[in-house]
Amino acid sequence: MQILIDTDSRKRRKAPGLFLLPGALLAPTLIIVFGVLLYPAACTIFFSLTDKTMADTTYSFIGLKNYSNLFSDPKFWMAFQHSIIFTLVAGSLNILLGFGTALLVNRAIPFRGLFRSLLLIPWVMPHIVTGLMFRWLYNDFYGYLNYLLIHAGLIEKPILFLVDRAFVWLAVILPTVWYEYPFVMLMFLAALQSISPDLYRAAKVDGANAFQQFLHITLPCLKQAFLLNGLLQIIFMFKSFNLVWILTQGGPGDRTELLSTLAYRHVFEGFSTGYGSAVATVIFLVLFAVSIVYLASPAIRSEEP
């Protein structure tokens, strides 16, 4: 009995030390998360409740006045509508193109590894490089796109893609999809490779053709991949900023103004930190609500063990 008591006491004395190593390993990550994510987010929400400006270090608490002004501002609702349309169109194209390319590179084709690597190139390029590359392609004097269209006889004079209100949305969505779809492809490719080949062999023995295998095996097994990609695309596209700002800065006029560009414009051009923070907080709240709905949906909960 004495031996057991001594052993238990030694375990209790050593127990606090067991948490020191995990805590030390997690500390850098927690510090980075707090410094890069939590602290800036908390400051943004706090400043949205003040009249802070970039030109003055003093400010006062004004409650929900910024939000009241925001919800009565037609430019806010226009940017909100643009953000929703941009998210639906660009996000849907990313999923369709990413899924299609994942199906192609998942097949046993020659140089499959090379094709996979080449298709990932747009995703690893910096936004600034992608934006400047497409600005060059769209240029009305030396842009290659206008050159091809004119020599093909499809147009008679160059199109100002980033200025013409009829083409500017296409000019913004195209590079966005080109940049984002490889990530979606990678997610679907990982999900496709997790499907057991035995399922396809058994279906083939039972007489199922390729379309039936796709319909009854591939699609059901990719249910979680579709849901996750859908959520991520909503998040990525709704808060998209870099390419839109590099290409049009929300123009011409306010034709491509998104909530993200509106927030940037108010904070760094209008020097209204409080008002711009309110716009940014709305973006956060919308995406937070979408994430909660996603996690609480029956389709997700039904997959939990």
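Everything below is about the structure printed above this text.
Residues numbered from 1 in each chain as written. Predicted model: local features only at pLDDT ≥ 70, side-chain atom pairs only at ≥ 80, totals over all residues. Heavy atoms only, no water.

Now for the overall build of the protein. Scanning the protein for helices and strands turns up 16 helices and 0 strands. Its C-alpha radius of gyration of 26 Å places the protein more than 25% over the 19 Å reference for a compact globule of 305 residues. C-alpha extents for the protein along the principal axes are approximately 95 × 75 × 35 Å. Among the 305 residues that make up the protein, the fraction classed as buried is 36%. Within the protein, contacts between residues separated by at least 24 positions form 68% of all contacts whose residues are at least 6 apart in sequence. As displayed, the protein has an accessible area near 18500 Å², and 71% of this comes from carbon and sulfur atoms. Each charge class in the protein was averaged separately, 21 positive and 16 negative side chains, and the resulting centres sit 9 Å apart. (Helix = DSSP H or I, 4+ residues; strand = E, 2+ residues; numbered from the N terminus. Rg over C-alpha atoms; globule rule 2.2 N^0.38 Å. Buried < 20%, exposed > 50% of the residue type's maximum accessible area, 1.4 Å probe, protein only. Contact = heavy atoms within 4.5 Å. Areas by Shrake-Rupley, 256 points an atom, 1.4 Å probe, with all protein chains shown as cover. Lys, Arg positive; Asp, Glu negative; His and termini not counted. Charge placed at Lys NZ, Arg CZ, Asp CG, Glu CD.)

Helical geometry: 3.6 residues make up each α-helical turn, so side chains three or four residues apart lie on a common side. Burial in helix α14 (residues 259-269) covers these residues: Leu-259, Ser-260, Thr-261, Leu-262, Ala-263 and Val-267. Buried-residue contacts for α14 involve α4 (74-105), α12 (223-238), α13 (242-247) and α15 (273-296). At the C-terminal side of α14, Phe-271 shows a positive phi close to 60°.

Our next topic: the packing of aromatic side chains. Within this structure, the stated rule accounts for 27 aromatic pairs. Taken together, a centroid distance of 5.9 Å and an interplanar angle of 25° make the contact between Phe-284 and Phe-288 stacked. Here Phe-284 and its partner Phe-288 are both found in helix α15, 4 residues apart, which amounts to about one turn of the helix. Look at Phe-284 and you get partly exposed, because its relative accessible area is 41%. In this structure an aromatic cluster arises from ring pairing among Phe-71, Phe-76, Trp-77, Phe-80 and Phe-238. The ring of Phe-47 carries Lys-52 above its face, with NZ or CZ at 5.5 Å from the centroid. (Phe/Tyr/Trp six-rings, centres within 6.5 Å; stacked < 30°, edge-to-face > 60°. Lys NZ or Arg CZ within 6 Å of the ring centre and 35° of its normal.)

A few words on unusual backbone geometry. The omega angle of the peptide bond from Gly-251 to Pro-252 is -5°, so this bond is cis rather than trans. At Phe-111, a position not held by glycine, the phi torsion is positive, near 60°. Inspection of the secondary structure puts Phe-111 in the loop between α4 and α5 (112-119). With a relative accessible area of 62%, Phe-111 lands in the exposed category. Positive phi, close to 60°, is recorded for Phe-271, a residue that is not glycine. Mapped onto the secondary structure, Phe-271 falls in the loop between α14 and α15.

Our focus in this paragraph is the pattern of salt bridges. The full count for this structure, using the stated rule, is 3 salt bridges. The shortest N-O distance in the salt bridge between Asp-198 and Arg-201 comes to 2.3 Å. Taken together, the residues span about one helical turn, with Asp-198 and Arg-201 both in helix α10 (residues 197-205) at a distance of 3 residues. Using a relative accessible area of 47% as the deciding quantity, one classes Asp-198 as partly exposed. (Salt bridge = Lys/Arg side-chain N within 4 Å of Asp/Glu carboxyl O.)

Along the chain, Ser-260 falls in helix α14. Take Ser-260: its relative accessible area is 9%, and that puts it in the buried class. One polar contact links the side chain of Ser-260 to the main-chain carbonyl oxygen of Ser-240, over a distance of 2.5 Å. When sequence neighbours within four positions are dropped, the list of residues in contact with Ser-260 reads Lys-239, Ser-240, Phe-241 and Ile-283. (Polar contact = N/O pair within 3.5 Å; in protein donor to acceptor, adjacent residues only side chain to side chain.)

Looking at the element boundaries, Leu-154 is found in the loop between α8 (144-151) and α9 (168-193). Leu-154 gets classed as exposed once you look at its relative accessible area, which sits at 63%. Between the alpha carbons of Leu-154 and Gly-23 there is a distance of 64 Å; along the sequence they are 131 residues apart.

If you look at the biggest cluster of nonpolar residues, it comprises 18 residues, and the most contacted ones within it are Leu-70, Phe-76, Phe-238, Leu-259 and Val-279. Counting residues per element, the ones that place at least two in this core are α3 (65-71), α4, α12, α14 and α15. No other element matches the 7 residues that α15 contributes to this core. Those residues within four positions of Phe-238 in sequence are excluded, and the remaining contacts are Phe-80, Ser-83, Ile-84, Thr-87, Gln-233, Leu-259, Ile-283, Val-286 and Leu-287. (Core = buried A, V, L, I, M, F, W, Y, C linked by side-chain atoms within 4.5 Å.)

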